[in-house]
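Residue-level structure breakdown
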Amino acid sequence: MGRTFFVGGNWKCNGTSEEIKKIVATLNAGQVPSQDVVEVVVSPPYVFLPLVKNELRSDFHVAAQNCWVKKGGAFTGEVSADMLVNLGIPWVILGHSERRAILGESNEFVGDKVAYALSQGLKVIACVGETLEQRESGSTMDVVAAQTKAIAERVKDWSNVVVAYEPVWAIGTGKVATPAQAQEVHAELRKWLQANVSAEVAASTRIIYGGSVSGANCKELAGQPDVDGFLVGGASLKPEFIDIIKAAEVKKSA
Ligand code: PEP
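Residues numbered from 1 in each chain as written. Predicted model: local features only at pLDDT ≥ 70, side-chain atom pairs only at ≥ 80, totals over all residues. Heavy atoms only, no water.

1. Side note on the packing of helix α5 (residues 107-119) against helix α7 (residues 140-152)
In the contact formed by α5 and α7, the axes pass within 8 Å of each other and the chain directions differ by 40°. With respect to each other, α5 and α7 are oriented oblique. Regarding α5 and α7, the two cross each other, and that crossing is right-handed. Contacts from Asn 107, Glu 108, Gly 111 and Val 114 in α5 reach Ala 146, Gln 147, Ala 150 and Ile 151 in α7. (Axes fitted to C-alpha atoms, helices over the stretch in contact; angles between N-to-C directions. Helix = DSSP H or I, 4+ residues; strand = E, 2+ residues; numbered from the N terminus. Parallel < 35°, antiparallel > 145°, perpendicular 65-115°, else oblique. Left-handed = near helix turned anticlockwise from the far one by under 90°. Contact = heavy atoms within 4.5 Å.)

2. Some words on unusual backbone geometry
In the Ramachandran plot, Lys 12 falls in the positive-phi region, its phi being about 50° despite a non-glycine side chain. Residue placement: Lys 12 occurs in the loop between β1 (5-10) and α1 (17-29). The backbone of Ser 212 shows a phi angle near 60°, a positive value even though the residue is not glycine. Mapped onto the elements, Ser 212 comes out in the loop between β7 (206-210) and α10 (218-222).

3. A look at the sheet that holds β1
Overall, parallel pairing links the eight strands, which are arranged β1-β2-β3-β4-β5-β6-β7-β8 in a closed barrel. When the angles between neighbouring strand axes are averaged without regard to direction, this sheet yields 25°. Set on the sheet, helix α8 (residues 179-196) makes contact with β5 (123-128), β6 (161-165) and β7; between it and β7 the angle comes to about 150°. (Pairing = 2+ DSSP bridges.)

4. Notes on the pairing of β7
β7 sits mainly inside the fold: five of its five residues count as buried. Of the two faces of β7, the one holding Arg 206, Ile 208 and Gly 210 and the one holding Ile 207 and Tyr 209 are both buried throughout. Relative to β7, β6 runs parallel, the two being bridged by four bridges. Across the sheet, the residue bridging to Val 162 is Arg 206, located in β7. Where β7 lies against strand β8 (residues 229-232), two bridges are found, and the strand directions are parallel. Across the sheet, residue Tyr 209 finds its bridge partner in β8, namely Phe 230. (Buried < 20%, exposed > 50% of the residue type's maximum accessible area, 1.4 Å probe, protein only.)

5. Comments concerning the site of the ligand
Of all residues adjacent to the ligand, which total 14 residues, the nearest are Lys 12, Glu 166, Gly 172, Ser 212 and Gly 233. At 2.7 Å, a side-chain N or O of Lys 12 approaches an oxygen atom of the ligand. The separation between an oxygen atom of the ligand and a polar main-chain atom of Gly 234 is 2.8 Å. Compared with its free state, where it exposes 290 Å², the ligand has 95% of that area covered by protein. (Near = heavy atom within 4 Å. Polar contact = N/O pair within 3.5 Å; in protein donor to acceptor, adjacent residues only side chain to side chain. Areas by Shrake-Rupley, 256 points an atom, 1.4 Å probe, with all protein chains shown as cover.)

6. Some details on the side chain of Arg 190
Tracing the backbone through its elements, the reader meets Arg 190 in helix α8. Within the structure, Arg 190 has its side chain in polar contact with the side chain of Asp 226 (distance 2.6 Å). If near-sequence neighbours (up to four positions away) are discounted, Arg 190 is found in contact with Arg 3, Ala 202, Thr 205, Ile 207, Asp 226 and Asp 228.

Right, dumping it as structure tokens:
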């Protein structure tokens, strides 16, 4: 089965309820390809999840930006996967580099969170990616392989996992990876999945690119054979997100 193009919008820690309603209204009015061509998931801050879920068009879905590593309880400030399921939130982003770097989330901790979220029935956008220093020292593949391995060691069923390759140096910097740089890592990641998980998982798992994706650069990136979509930060708050969703047409005509 082909890999349906996937476009995620990570709204990070942005927005008032009025601003969020405006973004949702823009999305609801957008003319985009059908769900068999592109799967669209937007990720507002926790507090706006019910609002967005209620107001968003039914062919787009919502994701939380994180969830706790196990069942809820005495963990002040955390939100458990169980609670997201209870609210009818189907997706969660885990292992975003802003959490790995700022909050010190280790590969193992992210792997545990992915496994727990999946066990509760959530679908997971699992983020991996190297820093500039790691890229310049030639260890990009070692870094993303180690991040992916920590997930693979804990996860048997990959059907509800989308892997987001997000080079840290490209996130929020305006410095997008070149199509060749993105393709190179995506192809290597797919090879890693083939060698370490299975040929089937390698062929069916969506590997999406994130890092300064915009309306201007999305089509060229989407043209790469192993780029199965995008995780978009800054541009997902703007009307150009609709153009990024439409980049799925590049695959359809390929
Ligand atoms: C992100 O936050 O996942 C991201 C890719 O951000 P941006 O598109 O702003 O670089």
